[in-house]
2 protein chains.
Amino acid sequence: MRKIVIGAAQMGPNQKADSRETIVARMLALLEEAAGAGCTMVVYPELALTTFFPRWYMEDQAEVDCWFETEMPNAATQPLFDRARELRVAISFGYAELTPDGHHFNTQILTDRDGNIVAKYRKVHLPGHSEYDNERAFQHLEKRYFEPGDLGFPVWRTQDAVVGMLICNDRRWPESYRVMGLQGVELVILGYNTPSVNSQNSAEGEDKRLYHSELSMTAGAYQNATWVVGVAKAGDEDGHPLMGGSIIVDPNGYVVARAKTNGDELLVHECDMDLSVFGKETIFDFARHRRIEHYGLITSQTGVVRKV
Amino acid sequence: MRKIVIGAAQMGPNQKADSRETIVARMLALLEEAAGAGCTMVVYPELALTTFFPRWYMEDQAEVDCWFETEMPNAATQPLFDRARELRVAISFGYAELTPDGHHFNTQILTDRDGNIVAKYRKVHLPGHSEYDNERAFQHLEKRYFEPGDLGFPVWRTQDAVVGMLICNDRRWPESYRVMGLQGVELVILGYNTPSVNSQNSAEGEDKRLYHSELSMTAGAYQNATWVVGVAKAGDEDGHPLMGGSIIVDPNGYVVARAKTNGDELLVHECDMDLSVFGKETIFDFARHRRIEHYGLITSQTGVVRKV
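Note that the structure is predicted; figures quoted are calculated from it, not measured.

J.: Help me understand the overall build of chain A in this model?
T.: Counting its regular elements, chain A contains 9 helices and 14 strands. In terms of its C-alpha atoms, chain A occupies a principal-axis envelope of roughly 60 × 55 × 40 Å. Each of the 308 residues in chain A was classed as buried or not, and the buried ones make up 62%. When contacts within chain A are restricted to residue pairs at least 6 apart in sequence, long-range pairs at least 24 apart make up 69% of them. Side-chain charges of chain A comprise 31 positive and 43 negative groups, with the mean position of each set lying 6 Å from the other.

Written out as structure tokens, the structure is:
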């Protein structure tokens, strides 16, 4: 058995006016709780250090850049890294990354148990739009503020497991999980900020959106025989509700832990990486069963082409 | 609205000793019921005309070939085609196909409302194994008796909808749905014969297998914004139980009709093809959101390659 006790550290809302220091203090409290519960890895949500700023339309790039981090760790997050090292707990969280050469990404990092960043992922599937959209109930400007990730879907070995990361909308795309599955992924950790209402369909509320989120993660887990840990930032951010629904999913696609609130809340589960072996060796033994000669459109064609 | 009233014609077990004529008589009864309910399309399961013979190990090819059809329609199925034409109901069912040049496929056909075969699909993802396996509680010799389908995942326009087909194990592979999704599929019809117990893990019983079946179909529906109609052959075939669980899934991934028995049972639902439009134009607008530059492994690599 290769067990990792994982803490899924759901976070409540971050208001626009909240300082990063205030937010990191909440992350530290979750870290202490996780260490007390025996966790060796804690996963926080997407854009953990700020509000979900892509809901706000901005034209001044300097204003936009205030939501980004130019280095990691930095002054605000150093206490989190320091305490994680002391507690020997690996941490993973999302933030807006501004690179030295001026690129903007929606990024997630993972450390080892000594507080060293050992893995970085940049969100590939940016939802939403890039210009102000009058048709929407609220804005979702990820395509305006971020570039699509340029690192693909890598995996890393840490804590004796093959680990990959996704961010938010990536979890709805089976391609995301499959590219990692083809590299033997055993644990996918991801964070999300998902509005409780569809900006383009006010009738689509939280129940439906929670269902779609869970459906995507459970299917990705089952079809690649991997653990999936999905962690929300939830609750009301300056009048804009985000759904919760953080879950830990086993390699059979079963939810083994589920958040009950829309606030700061820690889920803990002892995840045995060896549970992924049976699926990978039988029904999802890719080498025996996949037929790539018939999958060509998946990589040759981006959008729908209707021929009938 | 583009509505098709679809009948999912789950079938109870076919015993080895049952003649095709006896079985077709049951299919005719389901057809009459469907026509009475206003259906214009009826979907029967995989290998509808016979027992699930791949559970039996055979070495004599002449014995194997007795389970195959060399033409379609043929004498046994002509009454079904004739009555379907009279009732103006399109039919789709699975059977073992032996081609004039000696190839063996696990095949499904679809007719128009005039009884003409307008579409043929050959199962791509064959599960199981090709040689007798002492380790299993029972045999699953699809890889012995069939070749993988050679037609890919085409779609056809019929009854003003874009329709594709899958067979059984194909439904567990997100690639199957995606290749059709990239062609604009609005309705996926599929049949299955799924043992109630995992031959390689006796602890994995019907509840778990029903969950995995439904999870795969609901995810495929949601992630491609398509209807999915999954139809079982169920019940005890010569001592070997097959699970039921036939369902009709809408393009939001919700089950709108579900079989209650393991016998001959008709599900009917009026399926509006236009329900697929919202998903295809928003969150799953592939042209805007897919990032094929990061999907390369899906088509370049069949099995897992571990680098970490």
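J.: Just checking my understanding: could you explain the interface of chain B and chain A for this structure?
T.: Interface size is commonly expressed as the accessible area that is lost once the parts come together. The interface of chain B with chain A comprises 71 residues on the first partner and 71 residues on the second. Both faces considered, chain B and chain A share a buried interface measuring about 6500 Å² in area, 61% of it formed by carbon and sulfur atoms. For the salt bridge of Arg-178 of chain A with Glu-175 of chain B, the shortest nitrogen-to-oxygen distance reads 2.6 Å. Seen at the junction of chain B and chain A, the total is 34 residue pairs in polar contact (both at pLDDT 80 or more). Those elements that provide at least two residues to the side of chain B that touches chain A are strand 6 (155-158), helix 5 (174-181), helix 6 (206-224), helix 7 (277-281), helix 8 (286-289) and helix 9 (297-300) of chain B. Residue contributions to the side of chain B that touches chain A peak at 10 residues, all from helix 6 of chain B. Per-class residue counts for the side of chain B that touches chain A are 30 nonpolar, 26 polar and 15 charged.

J.: Can you help me understand the relation of the copies chain B and chain A in this one?
T.: Copies of the same chain, two in number, are related to each other by a rotation about an axis and a translation along it. Mapping chain B onto chain A leaves a residual RMSD of 0.0 Å; the transformation is a rotation of 180 degrees accompanied by 0.0 Å of translation along its axis. In symmetry terms, the pair is related by a two-fold rotation axis. The share of interface residues of chain B whose copies in chain A are also at the interface is 100%, consistent with both copies meeting through the same surface.

J.: Can you help me understand the pairing of strand 5 (residues 117-122) of chain B in this one?
T.: In regular strands, side chains alternate between the two faces of the sheet. Residues and elements named next belong to chain B. With 5 bridges joining them, strand 4 (residues 104-111) and strand 5 adopt antiparallel strand pairing. Counted as the bridge partner of Gln-108 is Tyr-121 from strand 5. Between the end of strand 4 and the start of strand 5, which pair antiparallel, lie 5 residues, with Gly-115 showing a positive phi angle near 80 degrees.

J.: Sorry, what's going on with the UniProt feature "domain: CN hydrolase" (unreviewed entry) in chain A here?
T.: Mapped onto the present numbering, the UniProt feature "domain: CN hydrolase" (unreviewed entry) falls at residues 4-275 of chain A. Measuring from the first to the last C-alpha atom of residues 4-275 of chain A gives 12 Å, for a span that is 23% helix and 28% strand.

What counts, and where the lines are drawn
Residues numbered from 1 in each chain as written. Chains lettered and ligands numbered in written order. Predicted model: local features only at pLDDT ≥ 70, side-chain atom pairs only at ≥ 80, totals over all residues. Heavy atoms only, no water. Helix = DSSP H or I, 4+ residues; strand = E, 2+ residues; numbered from the N terminus. Buried < 20%, exposed > 50% of the residue type's maximum accessible area, 1.4 Å probe, protein only. Contact = heavy atoms within 4.5 Å. Lys, Arg positive; Asp, Glu negative; His and termini not counted. Charge placed at Lys NZ, Arg CZ, Asp CG, Glu CD. Buried area = accessible area lost by both parts, 1.4 Å probe. Salt bridge = Lys/Arg side-chain N within 4 Å of Asp/Glu carboxyl O. Polar contact = N/O pair within 3.5 Å; in protein donor to acceptor, adjacent residues only side chain to side chain. Nonpolar A, V, L, I, M, F, W, Y, C, P; charged D, E, K, R; others polar. Least-squares fit on C-alpha atoms with pLDDT ≥ 70 in both. Pairing = 2+ DSSP bridges. UniProt positions renumbered as here; feature names shortened; annotations may be inferred.

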